[in-house]
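The lines below spell out each chain.
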Amino acid sequence: MTKYKCKTCGYVYDPEKGDPLRDIPPGTPFEKLPQDWTCPVCGSSKVAFQPC
């Protein structure tokens, strides 16, 4: 699964880890995140992320 990096702050979303603070389970691909999901570090929207 592809990791995605926030262009604003550099946070990397790792689908193998998910986002436990927002109840996103491990194994959730970036494409399957809710549309209103935001970067847990800086609050940027999904459009601020790019594959890395």
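Quick caveat, the model's predicted, so the values are computed rather than measured.

Rules behind the numbers
Residues numbered from 1 in each chain as written. Predicted model: local features only at pLDDT ≥ 70, side-chain atom pairs only at ≥ 80, totals over all residues. Heavy atoms only, no water. Helix = DSSP H or I, 4+ residues; strand = E, 2+ residues; numbered from the N terminus. Buried < 20%, exposed > 50% of the residue type's maximum accessible area, 1.4 Å probe, protein only. Polar contact = N/O pair within 3.5 Å; in protein donor to acceptor, adjacent residues only side chain to side chain. Contact = heavy atoms within 4.5 Å. Salt bridge = Lys/Arg side-chain N within 4 Å of Asp/Glu carboxyl O. Pairing = 2+ DSSP bridges.

**Student:** Mind laying out the side chain of Asp-14, listing which residues take part and the relevant values?
**Tutor:** Topologically, Asp-14 is positioned in the loop between β2 (12–13) and β3 (49–51). Judged by its relative accessible area of 12%, Asp-14 falls in the buried class. In terms of polar contacts, Asp-14 uses its side chain to reach the backbone amide nitrogen of Glu-16, at 3.0 Å.

**Student:** Which residues make up unusual backbone geometry, and what values go with them?
**Tutor:** The backbone of Asp-23 shows a phi angle near 60°, a positive value even though the residue is not glycine. Mapped onto the secondary structure, Asp-23 falls in the loop between β2 and β3. Look at Asp-23 and you get exposed, because its relative accessible area is 70%.

**Student:** Any chance you could break down the side chain of Thr-28 for me, citing the residues and the numbers?
**Tutor:** For Thr-28, the location among the structural elements is in the loop between β2 and β3. We classify Thr-28 as buried; its relative accessible area is 13%. Here the side chain of Thr-28 touches Pro-25 through a polar contact of 2.7 Å, landing on its backbone oxygen. When residues no more than four places from it in sequence are discounted, the contact partners of Thr-28 are Tyr-13, Pro-15 and Leu-33.

**Student:** Give me the lowdown on the pattern of salt bridges, citing residues and values where you can.
**Tutor:** All told, the structure shown has one salt bridge when counted by the stated rule. Note that Asp-14 and Lys-3 form a salt bridge whose closest N and O atoms lie 3.9 Å from each other. Of the two residues, Asp-14 sits in the loop between β2 and β3 while Lys-3 sits in the segment before β1 (4–6), which places them 11 residues apart along the sequence. The class for Lys-3 is partly exposed, based on a relative accessible area of 38%.

**Student:** Give a description of the sheet that holds β2 that names residues and reports values.
**Tutor:** The strand order across the open sheet built from three strands is β2-β1-β3, with neighbouring strands paired in antiparallel fashion. Each edge of the open sheet is held by one strand with a lone partner, namely β2 and β3. The pairing of β1 with β3 spans three bridges and is antiparallel. Note that in β3 the partner of Cys-6 across the bridge is Phe-49.

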